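Residues per chain are reported as follows:
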Amino acid sequence: MAINTFLESYDLSGKTILPFCTSGGSSIEESMTDLRRIGESRGASVGTGLTANSLSAEEIANWLESIGKN
């Protein structure tokens with residue numbers, strides 16, 4: 001809910017949202033539908049999400065490279 005309120009409160013036109021999280025029980029996929037819906041309705045582009053629970057630095061670097069941010 002806090003993230004939804006944040007996204008709904010700002011003009012995100014031209015911004016890119018790159019969601020990532022850590023979680024003991026669920027993946028980011030459970031949140032991506034809302035993140036996409038709200039982010040895109042506020043003008044943002046929403047990239048692929050990453051659940052980084054126990055990923056190595058190399059795996060995170062690979063994710064960044066795959067989204068063109070490394």
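Draft legend 1. Examining the environment of T16 more closely. Here T16 shows up in strand 1 (residues 16–17). With relative accessibility at 45%, the residue T16 sits in the partly exposed group.

Draft legend 2. Geometry of the packing of helix 1 (residues 2–9) against helix 2 (residues 29–41). Two numbers describe how helix 1 lies on helix 2: the axes approach to 9 Å, and their chain directions differ by 15 degrees. Accordingly, the angle class assigned to the pair helix 1 and helix 2 is roughly parallel. For helix 1 against helix 2, the interelement crossing comes out right-handed. Here I3, N4, L7 and E8 of helix 1 lie close against helix 2, whose contacting residues are D34, L35 and I38. Residue composition of the contact of helix 1 with helix 2, grouped by class: 4 nonpolar, 1 polar and 2 charged.

Conventions and cut-offs
- Residues numbered from 1 in each chain as written.
- Predicted model: local features only at pLDDT ≥ 70, side-chain atom pairs only at ≥ 80, totals over all residues.
- Heavy atoms only, no water.
- Helix = DSSP H or I, 4+ residues; strand = E, 2+ residues; numbered from the N terminus.
- Buried < 20%, exposed > 50% of the residue type's maximum accessible area, 1.4 Å probe, protein only.
- Axes fitted to C-alpha atoms, helices over the stretch in contact; angles between N-to-C directions.
- Parallel < 35°, antiparallel > 145°, perpendicular 65-115°, else oblique.
- Left-handed = near helix turned anticlockwise from the far one by under 90°.
- Contact = heavy atoms within 4.5 Å.
- Nonpolar A, V, L, I, M, F, W, Y, C, P; charged D, E, K, R; others polar.

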